Amino acid sequence: MIVFVCLKKYICLPPICPNVRLKHQHQHRITVDNLPPEVRARFATDPVMPLRTKTVKEFQEDIERATVSGDWKHVHDFYLTTFGSFLELNAAFKKDASPSFNTIEDSGINTKFINAVYDALSLTPPDAQRAVLKGIINSLLREWKGCVTSSVVNFSLLQNPQCTSPATYVIYAHLLRQIAALAEADHYFLMHWFKKLSQKRFKQLVERLHLFISTRLFPVKPEELPPMAKCSWWIPSATKVLSLLNAANIISSTPILPFVDFYNPTLDHTDFMEDYRIWQTQGNSTRFTFCQFAFILSTVVKKAVIQKDSEQQMISMARQSLVDKVSRRQRVDMSLLFLNIKVRRLQLVSDSMDELTRNRADLKKKLKVSFVGEAGLDMGGLTKEWFLLLIRQIFHTDYGMFTFFNDSHCHWFSSWKCDNFSEFRLVGVLMGLAVYNSITLDISFPPCVYKKLLTPPVVPCDLDLPVGNATLTLDDLQQVMPDLSHGLAELLSYEGNVEEDFCTTFQVSQEELGVIKSYNLKPGGDKIPVTNQNRKEYVQLYVDFLLNKSIYRQFTTFYYGFHSVCASDALMLLRPEEVEILVCGSPNLDMSSLQKAAQYEGYSKTDPTIRAFWDVVLGFPLKFQKRLLHFSTGSDRVPVGGMADLNFKISKIDASTEWLPISHTCFNQICLPPYKNKKELKQKLTIAISNAEGFGLE
């Protein structure tokens, strides 16, 4: 490993004006041509762009010769010259020196050349690497303000792999600050150029920024970095540059990286509630908070924020109830601290709806459930059982509230019309209570439901404003009704005469309770033929009708039910995918983590039965691992906190080895007889998890 020499005498860079971005937002981009004459008079002539013609092949040959001969002078001079000024850097890496500007589609940079130069840098002697750093420092010190090539230069310098080392962080920080302070037009260009990078290079930039932020927050060797008080702008600058990469990832036709790659797990260990409170009170003001850049916060942090925010609301509600009782000199009952739900099993849905309606003011208290005629305290098991039984009944196709699509394996809102949609409110409340009380639900909604739930993320003050009307596309429809989506896609790409061959109008039909009903997608739609010219409009209106308009009243009631519980500003921090994870858990299984976190009753982890169990489970294909999790917990998904949050338990039952394993899903527990060998255990376990119906409740 190369240790870089201290370059403190080169790092006294001039501060960047904090309002430079505001200035650029309201002015045309500054160039030498529009500088005032008294400023331009300092230059005898405009800077001349040098001509550099070295090719990738020539550079690689130089590296090969230097490696063989040990004479690196020629390579050293190349790096020293190239990074000695922004003009030289621009000239070396631009594909063509003649164009004065670039487009969002093409940065004008010779990507292969810059990759070759940076890849070879680690092979060069330390003095060549120091020459690059010294050149960058000098270039930053005498930066030519307003140079039209600044975006190109910043784009090039940001890819320097030397910025991974804490020894270069002072230089890296000033580069990040410079990029963060660019005008919005420059950010727009950079964003589009970032998305053209290969996945490997793009990921390196993201990881480098995460490492920089993490190291600044929790340095291994604090003495290597300046005091935090003197570089408080480091983290905001890095986070703003990371936001450009996140934006590039979003606008890319296919995401370059999963959104979870933008999470910084180091922030899980910071005072994120203080960050949230500042953001709540000051919003997107000049004071930096991570909540302004929510993409960097993991689902673990967001869940914790929602729960702590919920706890504060719960405590506030409970305190108010106690104060009211005391002020009226009434006997204080500790049950006031909880949302108490008492239901009969045979009237589960109607009793639950009545109880939640009666206790509407207490929804933000801790949930306690009891079943009429059954003894026992709710230590969490009864609450989970209540959720599981309710969801099982409400989502059953015979109940009529939801339709299940076999092709997409998801539920969707039934479009039948009625006078009372209150049961949809119950489902929304259930989802909100599940998030509030850290219960993972086995619900198969398509992703667009969670987009609609966040449209808007906070209930509008004007209740007449529409809610849940998200902007949805054919891709969203494909996740619900793939066959119909495929047919509409074929209509859009059809090369023949659409009007004559399809004979379709702007009127659609759908079945409601066995009756076919027709709806116009626009006024007079039954008289308007679909043509090659208006087919895009037809598809857009059809998608909007199916996913928004036809279920508007059902979804609106569902939306208000969810937000009656989860009325938190923290929802503004969430992506739709993250809401789904909070409600349903993560689909990513890690059985090794489950093994480490497992608890035992009657067995120890060294017992032959337990060793055989984990040998079998770890050897299962993913499909059977999911079945096992569903059999044991009622869901094949993992809570936000990971497998450890399941509190998974394996218990011993003194029964014949002819018995199949038994599960108690409300306690995330599986019970195993002491099977004689691994073969017998695998056979019995496979039968049990393959034939369990519903939620496997006992």
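Calculation notes
- Residues numbered from 1 in each chain as written.
- Predicted model: local features only at pLDDT ≥ 70, side-chain atom pairs only at ≥ 80, totals over all residues.
- Heavy atoms only, no water.
- Helix = DSSP H or I, 4+ residues; strand = E, 2+ residues; numbered from the N terminus.
- Buried < 20%, exposed > 50% of the residue type's maximum accessible area, 1.4 Å probe, protein only.
- Contact = heavy atoms within 4.5 Å.
- Areas by Shrake-Rupley, 256 points an atom, 1.4 Å probe, with all protein chains shown as cover.
- Axes fitted to C-alpha atoms, helices over the stretch in contact; angles between N-to-C directions.
- Parallel < 35°, antiparallel > 145°, perpendicular 65-115°, else oblique.
- Left-handed = near helix turned anticlockwise from the far one by under 90°.
- Nonpolar A, V, L, I, M, F, W, Y, C, P; charged D, E, K, R; others polar.
- Salt bridge = Lys/Arg side-chain N within 4 Å of Asp/Glu carboxyl O.
- Pairing = 2+ DSSP bridges.
- Phe/Tyr/Trp six-rings, centres within 6.5 Å; stacked < 30°, edge-to-face > 60°.
- UniProt positions renumbered as here; feature names shortened; annotations may be inferred.
- Expected span 1.5 Å × (residues − 1).
- Arc of directions from axis to C-beta.
- Right-handed = clockwise from strand over helix to strand, strands pointing away.
- pLDDT = per-residue confidence, 0-100.
- Core = buried A, V, L, I, M, F, W, Y, C linked by side-chain atoms within 4.5 Å.

1. Remarks on the overall build of the chain
Move 1: Check the secondary structure of the chain and you find 28 helices and 10 strands.
Move 2: Among the 698 residues that make up the chain, the fraction classed as buried is 49%.
Move 3: Looking at the chain alone, contacts between residues at least 24 apart form 72% of all its contacts between residues at least 6 apart.
Move 4: On the chain, roughly 34800 Å² of surface is accessible, and the fraction owed to carbon and sulfur atoms is 54%.

2. Examining the packing of helix H9 (residues 169-180) against helix H12 (residues 234-251)
Move 1: Where H9 contacts H12, the axes come no closer than 8 Å and their chain directions differ by 60 degrees. In terms of their interaxial angle, H9 and H12 are classed as oblique. Two packed elements cross with a definite hand, and for H9 against H12 that hand is left-handed. Residues Tyr169, Val170, Ala173, Leu176, Arg177, Ile179 and Ala180 of H9 touch H12, and the partners they reach there are Trp234, Ser237, Ala238, Lys240, Val241 and Leu244.
Move 2: Considered class by class, the residues forming the contact of H9 with H12 number 10 nonpolar, one polar and two charged.

3. Focus: the pattern of salt bridges
Move 1: Counting across every chain of the model gives 21 salt bridges.
Move 2: Residues Arg201 and Asp119 are paired through a salt bridge, measuring 2.8 Å at the closest nitrogen-oxygen approach. Of the two residues, Arg201 sits in helix H11 (residues 199-217) while Asp119 sits in helix H6 (residues 111-121), which places them 82 residues apart along the sequence.
Move 3: Here Glu580 ties to Arg637 by a salt bridge, and the two come within 3.8 Å at their closest N and O atoms. On the criterion of sequence distance, the pair formed by Glu580 in helix H24 (residues 576-584) and Arg637 in the loop between helix H27 (622-633) and strand S8 (649-652) is long-range, its members being 57 residues apart.
Move 4: The exposure class of Glu580 is buried, given its relative accessible area of 17%.
Move 5: Overall, the relative accessible area of 18% leaves Arg637 in the buried class.
Move 6: Taken together, the shared-partner salt bridges connect Lys54, Asp62 and Arg65 into one network.

4. Things to note about the sheet that holds S8
Move 1: Taken in spatial order, the four strands line up as S7-S8-S10-S9 in an open sheet, and their pairing is mixed. Taken across any chain shown, the strands that pair with only one partner, and hence form the sheet edges, are strand S7 (599-601) and strand S9 (662-664). The sheet shows a mean angle of 25 degrees between the axes of neighbouring strands, taken without regard to direction.
Move 2: Sheet analysis places S7 next to S8, joined by three bridges and oriented parallel.

5. Looking at the packing of aromatic side chains
Move 1: The final tally for this structure, using the stated rule, is 48 aromatic pairs.
Move 2: Here Phe78 and Phe113 contribute two aromatic rings whose centre-to-centre distance is 6.2 Å and whose plane-to-plane angle is 45 degrees, an arrangement assigned as tilted. Remark: Phe113 occurs in helix H6 and Phe78 occurs in helix H4 (residues 73-82); sequence separation between them is 35 residues.
Move 3: Ring centres of Phe155 and Phe194 lie 5.6 Å apart, and the angle between their planes is 45 degrees; on these two criteria the pair is classed as tilted. With Phe155 in helix H8 (residues 150-157) and Phe194 in helix H10 (residues 184-194), the pair connects residues that are 39 residues apart, well separated along the chain.

6. Quick look at the UniProt feature "active site" (unreviewed entry) in the chain
Move 1: Taking the numbering used here, the UniProt-annotated feature "active site" (unreviewed entry) corresponds to Cys666.
Move 2: Following the sequence through the fold, Cys666 ends up in the loop between S9 and strand S10 (669-672).
Move 3: Residue Cys666 is classed as buried on the basis of its relative accessible area of 17%.
Move 4: Ignoring any residue separated from it by four or fewer positions in sequence, one finds Cys666 in contact with Gly381, Lys384 and Glu385.

7. Details of helix H3 (residues 56-69)
Move 1: Here H3 contains 14 residues, and its C-alpha end-to-end distance of 20 Å stays within 8% of the 20 Å for a straight helix at 1.5 Å per residue.
Move 2: Within the span of H3, buried status applies to Phe59, Asp62, Ile63 and Ala66. Buried residues of H3, viewed axially, fall in a sector of 95 degrees; they line one side. Exposed residues lying more than 90 degrees from the buried face of H3 are Lys57, Glu64, Arg65, Val68 and Ser69.
Move 3: Tucked inside the fold, the buried residues of H3 contact H4 and H6.
Move 4: Two residues or fewer after H3 comes Gly70, characterised by a positive phi angle close to 80 degrees.

8. Section: unusual backbone geometry
Move 1: With omega at -5 degrees, the peptide bond leading from Thr455 into Pro456 counts as cis.
Move 2: Relative to the elements of secondary structure, Pro456 occurs in the loop between helix H18 (447-453) and helix H19 (474-478).
Move 3: Despite not being glycine, Cys503 shows a phi value in the positive range, around 50 degrees.
Move 4: Inspection of the secondary structure assignment puts Cys503 in the loop between helix H21 (498-502) and strand S5 (507-512).

9. Things to note about the pairing of strand S1 (residues 338-343)
Move 1: Residues Leu339, Ile341 and Val343 of S1 are buried on one face, while the alternating residues Phe338, Asn340 and Lys342, pointing to the opposite face, are not.
Move 2: With six bridges connecting them, S1 and strand S2 (residues 366-371) associate as parallel partners. Across the sheet, the residue bridging to Lys342 is Ser370, located in S2.
Move 3: A crossover links S1 with its parallel partner S2, the connecting element being helix H15 (residues 348-358), and its sense is right-handed.

10. Some details on the environment of Trp279
Move 1: Structurally, Trp279 is set in helix H13 (residues 272-282).
Move 2: Relative accessible area serves as the criterion here: at 10%, Trp279 is assigned to the buried category.

11. Considerations on the side chain of Thr289
Move 1: With respect to the helices and strands, Thr289 occurs in the loop between H13 and helix H14 (299-327).
Move 2: Among the residues examined, Thr289 registers a relative accessible area of 1% and is labelled buried.

12. Re H13
Move 1: Those residues of H13 lying buried are Phe272, Met273, Asp275, Tyr276, Ile278 and Trp279.
Move 2: Directly after H13, the chain includes Gly283, whose backbone phi takes a positive value near 60 degrees.

13. Description of the packing of helix H7 (residues 126-141) against H9
Move 1: Two elements in contact, H7 and H9, have axes whose closest approach is 11 Å; the angle formed by their N-to-C orientations is 40 degrees. Accordingly, the angle class assigned to the pair H7 and H9 is oblique. The element H7 and its partner H9 pack so that their crossing is left-handed. Across from Leu133, Ile136, Ile137 and Leu140 in H7, the residues of H9 making contact are Ile171, His174 and Gln178.
Move 2: Taken together, the residues of the contact of H7 with H9 sort by class into five nonpolar, two polar and no charged.

14. Here's the deal with the confidence of the model for the chain
Move 1: Looking at the chain, the pLDDT average stands at 86 and 88% of residues meet or exceed 70.
Move 2: Low pLDDT, under 50, characterises residues 144-149; the predicted model gives this stretch 12 contacts beyond four residues in sequence or across chains.
Move 3: Overall, residues 694-698 carries pLDDT values under 50, and its contacts beyond four positions in sequence, including any with other chains, amount to 18 contacts.

15. Considerations on the nonpolar core
Move 1: If you look at the biggest cluster of nonpolar residues, it comprises 166 residues, and the most contacted ones within it are Phe194 and Trp386.
Move 2: Among the elements that take part in this core, helix H17 (residues 422-436) stands out by supplying 10 residues, more than any other.
Move 3: In this structure, Phe194 is in contact with Phe155, Leu158, Phe202, Leu205, Leu244, Leu245, Ala248 and Ile256, ignoring residues within four places of it in sequence.
Move 4: Listed in part, the 28 residues of the second largest apolar core include Ile610, Leu629, Ile670 and Leu685.

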